[in-house]
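Residues per chain are reported as follows:
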Amino acid sequence: MTNNTFLQLMDDEKTTMLSVEQREFVETHKQIVSYGNLAGRYFVELARKLKTMRDGKMYKAAGFEDFGAYVEEAVGLKTRQAYNYIKVAEKYTDKYLEDHADIGITKLTLLAQVTESEREEIEEKLNLGESTAKDVEEAVREAIRERDEKQKQLDLFAEENENLKAELAERESGRDSLQKAYEEKKAELAEAKKQADDLKAKKSDLEKKLKETKEAAKEIKTVPDEESKKIAEEQRVRAEELEKKLRETNALLTAAKEQKKTIASDELLVFKVKFEDLQRLGDEIGKSLSGMDQETASKCKNALNAVLNSWKEDMGL
């Protein structure tokens, strides 16, 4: 059923009683109908004006509740078809629409589903003017299938890349931990060496002082007077103190040597750090070889084998 307000507007279009909004509606509507009658020549204008009518909601000035009611009642287009015109108006440039208006709105709407590069590939395969809408639809579906497949491959690659990054970060973290532990062990060993050296020096000093004390005690008279007895007692007490300190120092020195020996013998940690370095270096060498030409790669592999064989011989592998 035709909108009565619309019919009244069209009858009164030459009067001065129309509002600004109503006049804008009437003018745009007449352009749409005019371009629709000359669709081949004014395809672009028709699509653009339908978009203008919808976006500006001009149809409300004529009493239409929505754009669909307007195009079906006043223009004679199905709502879906009108939206197809708007879709191609938004998708394509004016020049492309002018150059391809002859292929029709159905084919243009189908092609609007693909990217510009995909559309160009379809245009190379098909003669759009002679091909049926079904041919174009199948070509569009195939392009979308290929795009989806490529996207799946990209997603898979991205996922693998993220996994590799996580694995690398984990390996780097583990290597950093080993390196840190290795540095701590080196510091402990340096401290243990310093402590042992200090104790050796202290032991040597105590031995010297003890020897001097004992020699001083021998010089006291056989039948000492009171003063000599006093000095002898002091020397005896001092000798006992020095001997006690010497025993304590020897015990500390023994413990320090054991600690140094334990730290210095922890070669497994050193091996782990160096082995990680070797693995990382091996990966880098492998990547380098893969980027070389065959002749250069062959020479480099021979050199690498020579080094590996030398290592095997030296290490008894």
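Note that the structure is a prediction, hence the values are computed from the model and not measured.

Things to note about the overall build of the protein chain
Broken down by element type, the protein chain carries twelve helices and zero strands. The linear arrangement of helices and strands in the protein chain, starting from the amino end, is α-α-α-α-α-α-α-α-α-α-α-α. Each of the 317 residues in the protein chain was classed as buried or not, and the buried ones make up 25%. Of the contacts formed within the protein chain by residues at least 6 apart in sequence, a portion of 60% connects residues at least 24 apart. Entry remark: accessible area of the protein chain is about 21900 Å², with carbon and sulfur atoms responsible for 50%.

A look at a nonpolar patch on the surface
Together, F275, L278, L281, I285, L304, V307, L308, W311, M315 and L317 give the surface a local cluster of nonpolar side chains, amounting to about 880 Å² of exposed area. Of all the elements in the fold, those that place two or more residues in the nonpolar patch are α11 (267–290) and α12 (294–315). Examining the composition of the nonpolar patch, we find that five residues originate from one element, α12, more than from any other. Checked against the element boundaries, I285 lands in helix α11. The exposure class assigned to I285 is partly exposed, which follows from its relative accessible area of 31%.

Here's the deal with the environment of K274
Along the polypeptide, K274 turns up in helix α11. On the basis of relative accessible area, K274 is assigned to the partly exposed category, the value being 46%. In this structure the C-alpha to C-alpha distance between K274 and Q179, which are 95 residues apart in sequence, comes to 9.2 Å.

A closer look at the nonpolar core
Most often, soluble globular proteins have nonpolar side chains that are buried together. By size, the foremost hydrophobic cluster in this structure holds 43 residues, and its most contacted members are F25, L50, F67, Y70 and L111. Secondary structure elements with two or more residues in this core: α1 (4–11), α2 (20–37), α3 (43–56), α4 (67–75), α5 (79–91), α6 (94–100), α7 (105–111) and α9 (133–218). With six residues, the top contributor of residues to this core is α3. Discounting residues that sit within four places of it in the chain, L111 has contacts with Y92, Y96, I103, R119, I122, L128, V136 and V140. Among the nonpolar cores identified, the runner-up in size contains five residues, and L210, A239, L242 and L246 belong to it.

Topic: the packing of aromatic side chains
Evaluated as defined, the whole model comprises seven aromatic pairs. Between F25 and F64, the aromatic rings sit 6.4 Å apart at their centres with planes inclined by 40°, giving tilted as the arrangement. On the criterion of sequence distance, the pair formed by F25 in helix α2 and F64 in the loop between α3 and α4 is long-range, its members being 39 residues apart. Each member of the pair, F25 as well as F64, carries the same accessibility label: buried. Here F64 and Y70 contribute two aromatic rings whose centre-to-centre distance is 5.6 Å and whose plane-to-plane angle is 70°, an arrangement assigned as edge-to-face. The residues F64 and Y70 share a single accessibility class, namely buried. Following the ring pairs from residue to residue traces out a cluster consisting of F25, Y59, F64, F67, Y70 and Y83. One Lys or Arg, R119, reaches over the ring of Y96 and ends 4.2 Å from the middle of that ring.

A few points about the pattern of salt bridges
Applying the stated criterion to the full structure yields twelve salt bridges. For R145, the salt bridge is made with E138, and the minimal N-O distance between the two is 3.1 Å. Within the structure, one salt-bridge network assembled from shared partners comprises K51, R54, D55 and E90.

Section: the packing of α3 against α4
Direction vectors running N to C along α3 and α4 enclose 135°, while the axes themselves pass 10 Å from each other. Judged by the angle between their axes, α3 and α4 are oblique. Contacts from L50, M53 and R54 in α3 reach F67, Y70 and V71 in α4. Partitioned by chemical class, the residues of the contact of α3 with α4 number five nonpolar, no polar and one charged.

Observations concerning α4
Of all the residues in α4, the buried ones are F67, G68, Y70, V71 and A74. Two to three positions downstream of the cap, the backbone nitrogen of G68 sits 3.2 Å from a side-chain oxygen, assigning the N-cap of α4 to D66. Just past α4, the residue G76 takes up positive phi, approximately 85°.

Structural notes on the confidence of the model for the protein chain
This prediction gives the protein chain a mean pLDDT of 79; 82% of its residues lie at or above 70. The secondary structure element of the protein chain with the lowest average pLDDT is helix α10 (residues 226–264), at 72, and the one with the highest is α4, at 93.

Parameters at a glance
- Residues numbered from 1 in each chain as written.
- Predicted model: local features only at pLDDT ≥ 70, side-chain atom pairs only at ≥ 80, totals over all residues.
- Heavy atoms only, no water.
- Helix = DSSP H or I, 4+ residues; strand = E, 2+ residues; numbered from the N terminus.
- Buried < 20%, exposed > 50% of the residue type's maximum accessible area, 1.4 Å probe, protein only.
- Contact = heavy atoms within 4.5 Å.
- Areas by Shrake-Rupley, 256 points an atom, 1.4 Å probe, with all protein chains shown as cover.
- Patch = residues over 30% accessible without salt bridge, like charges linked within 9 Å, V, L, I, M, F, W, Y side chains within 5 Å.
- Salt bridge = Lys/Arg side-chain N within 4 Å of Asp/Glu carboxyl O.
- Core = buried A, V, L, I, M, F, W, Y, C linked by side-chain atoms within 4.5 Å.
- Phe/Tyr/Trp six-rings, centres within 6.5 Å; stacked < 30°, edge-to-face > 60°.
- Lys NZ or Arg CZ within 6 Å of the ring centre and 35° of its normal.
- Axes fitted to C-alpha atoms, helices over the stretch in contact; angles between N-to-C directions.
- Parallel < 35°, antiparallel > 145°, perpendicular 65-115°, else oblique.
- Nonpolar A, V, L, I, M, F, W, Y, C, P; charged D, E, K, R; others polar.
- Polar contact = N/O pair within 3.5 Å; in protein donor to acceptor, adjacent residues only side chain to side chain.
- pLDDT = per-residue confidence, 0-100.

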